Amino acid sequence: MPLRAYRMRNLHVGIIGLLWSTMPVCLAPHADANQILLIVYVSSGLIASSVVIAPTLLAAFLISVPVMLGTIVAMLMTRGSAGPVLAALVVVYSSLIFISTLHSHRSFIQRTVGKMEFEEQREVVGLLLREFEQESSDWLWRTDASNRLEHISERMIRVFGAVEGDLRGKDFVSLIFKLTDPAAAASAVTRLSEALCARDSFRDLLVPLTIQGRHCWWHITGKPMFSKDGTFRGYRGVGSDVTAAKQSQAQIAHMASHDSLTGLPNRFAFHEALAAAFAGPSHPFALLWADLDQFKDVNDTLGHAAGDTLLMEVAKRLVACVSSGDLVARLGGDEFVILLSGADSDSADTLAGRIIATVSEPYHVDGMRVGIGVSIGISVAPADAAASDELFKNADLALYRAKSDGRGTWRFYEADMDVRAQERRALQRDLRLALERRQFHLMFQPIVDLSLARVGTAEALLRWTHSERGLVSPDSFIRLAEETGLIVQIGEWVIRQACLEAAHWPGHTCVAVNLSPVQFRDTSLSSIVDSALSDSGLPPERLVLEITESVFLDADDGVLDTLHALRERGVSFALDDFGTGYSSLSYLRSFPFDKVKIDKSFVRDIAHHDSNLAIVRAITGMANSLGMTVIAEGVETEEELIVLRLEGCMHIQGYLFSRPLSASAIGPYVRMVAASGIHGGEAQSTQEALNLQTQ
């Protein structure tokens, strides 16, 4: 109904209600007791009938409420004590009528809405079923009580490769049996037949079939239908062609056990084969763990595509070295393992020599001649181990020894290797406790700014004083910390402690903190730096983060995003050990560094080696042209300082000015230099060197 018509109808109903309400008011003053009762009866009837005759709930109230009010007023106008009593009865009666009306209306609305929703759902379900049969790759099926097909959709006709007449009225099990592979007839079709006979529901019953010469797989789902009196009426269900999914599963299963690059069995498949070797007859067999030497250099210089090509060639050579009964697998990266069946130490020794000779022959990758080597660790069962994990561990220890002994060779497992491994694990355990026991502390080495005659930056250097081992060299534990991931926690402590210490230095002095590539794999690095700066109150521009080129090896977008995010906060970056990597120039182009540190290997004896001088001159000129500050590391003599200054390198770090200082000493040192211009150091000619700044 239009809104205007609805409003007009309610207006008319309201007028009628007002007119009816005048009836008791006009008649009551002149009525006797019997007539008063009659008026009340008539008014009550009008109130009750309005609920029935009114088209809407609002209309019912527009009639009944005025009549109720008019009757109440009329009763109160009558003489005698009966009037108020009758008025109260009218109120009670009307209230009951109103409450009943509201309840009936609410029930009516709920029934109406429920019916509409039910009809809508039926319509939607019907529409979806029709669309399903027309568009879906699945097909619906329905049988009668005798399990003969009743409903034949176009999709079902297509998947069966038949016409409707060939399917209608056919026994469903017999029809499937004709299309099923003979090997599966005794299993899948039997399960289908048993379910239909027992009138059980079944879901995703896998059935292999051959239709018009094509092998395929179906999932069949069915549910028995019963009438209200419990009579079985047949089945309804759906069939799905899952051939593509089965083929994908087979491919995935192969991929799960084989390396995608080389096609060799992977770590998982190798461990299964190794476990099977231990479970089989007790014949000796050997495990050779091969790790390529110089592969990382090739990968870094020529790119990952060339590295992948090289790995595939290595895999082919390894397979050619072994017999058909042996297994070659790739563990990942540049690591391969060989399971040598029925072999003793002599056979393993011969094979290892053959592998090293074969793998070390030159390769031709992308038109370039490439040379790599290989190191091998060997453990033999059952002499070296009684279980697969132990044999694997022993081969790893032997490989570690082979690499330590110069690479390009092979070593057999020996018992003392386990002792060294235990020492390494003990160091790792102590390293985990070092933070908790507060065994770490920082030293700071000044970086002198010759142009301003002051200490511009102090580099934070981590030191570990063990309660029993004494002072542990960073070279002994930093790599271990990186391998175990402990460098993330240690690095966070270093950043926080360095910022806290630097906050007490003069405002012109920055603090430099070295970051490991492992720290950049932790997504919380940015928040750690933010927190350290916030807690210490150190301005971001006074924090310098030193990174090496290795940060960019295998770096994803996340690493670069972290670098840029920190730089936007005001933090500076220095590229450490510049010139010692393979692609330094490309890294300078990929990220705008603020500072470049010349490695001490180029600074040493710079006055006497023209090649070192040429490298320093090239680095300094390039960095200055790019607006980067150049820092020379490891400056120990006045002669080196003079040459560096003449080449335009005005930021110097080294023993010439100062050895690393404790946290309590670095602040006074910085203030002394800023106040007097005299650099505390160990070189005898420090004062003369500092005088160069005024020349």
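None of these values were measured; they are calculated from a predicted model.

Asker: When you look at the environment of A88 in this model, what are you seeing that I'm missing?
Answerer: Structurally, the position occupied by A88 is in helix α4 (residues 82–135). Accessibility expressed as a relative area gives 40% for A88, which makes it partly exposed. Separated by 16 residues in the primary sequence, A88 and I72 place their C-alpha atoms 7.8 Å from one another.

Asker: What exactly am I supposed to notice about the packing of helix α14 (residues 388–404) against helix α15 (residues 415–434) here?
Answerer: When two helices pack together, their arrangement is given by the angle between the helix axes and by the axis-to-axis distance. Contact pair α14 / α15: the axes reach a minimum separation of 10 Å and the direction vectors enclose 85°. Taken together, the axes of α14 and α15 lie roughly perpendicular to each other. Counting all contacts with α14, which are made through K393, L397, A398 and R401, the residues of α15 involved are D416, M417, D418, R420 and A421. Its residues assigned to classes, the contact of α14 with α15 comprises four nonpolar, no polar and five charged.

Asker: What should I look at first to understand the sheet that holds strand β5 (residues 232–241) in this one?
Answerer: Within a sheet, each strand pairs with its neighbour through backbone hydrogen bonds, oriented either parallel or antiparallel. Across the sheet, five strands lie side by side as β2-β1-β5-β4-β3; this open sheet has antiparallel pairing. Edge strands, defined here as strands with exactly one partner in the open sheet, are β2 (149–151) and β3 (202–211). Across the sheet, the axes of successive neighbouring strands diverge by a mean angle of 35°, strand direction being ignored. Against the sheet, helix α7 (residues 172–179) contacts β1 (139–143), β2, β3 and β4 (214–226), and its axis sits at roughly 45° relative to β3. With respect to the sheet, helix α9 (residues 243–257) is in contact with β3, β4 and β5, its orientation differing from that of β4 by roughly 120°.

Asker: How should I be thinking about empty space enclosed by the protein in this particular structure?
Answerer: Rolling a probe over the atoms, with the probe sized like a water molecule, indicates the empty space that remains. Counted by the stated rule, this structure contains one cavity of 30 Å³ or more. Each pocket or cavity is described by its volume, and for the largest cavity that value is around 30 Å³. As for the largest cavity, its lining consists of V488, G491, E492, I495, Q519, D522, L525 and I528. Put simply, the parts of the chain that give the lining of the largest cavity at least two residues each are α17 (487–502) and α18 (525–536). For the lining of the largest cavity, the leading source of residues is α17, giving four residues.

Asker: I'm lost on the pairing of strand β18 (residues 572–578) in this one. Help?
Answerer: Side-chain positions along a regular strand alternate between the two faces of the sheet. Counting buried positions along β18 gives six out of seven residues, so the element sits mostly inside the fold. The pairing of strand β17 (residues 543–547) with β18 spans four bridges and is classified as parallel. Paired with V544 across the bridge in β18 is S572. Looking at chain direction, β18 and strand β19 (residues 595–598) are connected through three bridges and run parallel. Considered in β19, the bridge of A574 is made with K595.

Conventions we followed
Residues numbered from 1 in each chain as written. Predicted model: local features only at pLDDT ≥ 70, side-chain atom pairs only at ≥ 80, totals over all residues. Heavy atoms only, no water. Helix = DSSP H or I, 4+ residues; strand = E, 2+ residues; numbered from the N terminus. Buried < 20%, exposed > 50% of the residue type's maximum accessible area, 1.4 Å probe, protein only. Axes fitted to C-alpha atoms, helices over the stretch in contact; angles between N-to-C directions. Parallel < 35°, antiparallel > 145°, perpendicular 65-115°, else oblique. Contact = heavy atoms within 4.5 Å. Nonpolar A, V, L, I, M, F, W, Y, C, P; charged D, E, K, R; others polar. Pairing = 2+ DSSP bridges. 1 Å grid on protein atoms, 1.4 Å probe; cavity = no way out; pocket = protein on both sides within 12 Å on 5 of 7 lines; lining within 4 Å. Points joined across faces, edges and corners; volume = space filled by probe spheres on them.

This is a description of form; function is not addressed.
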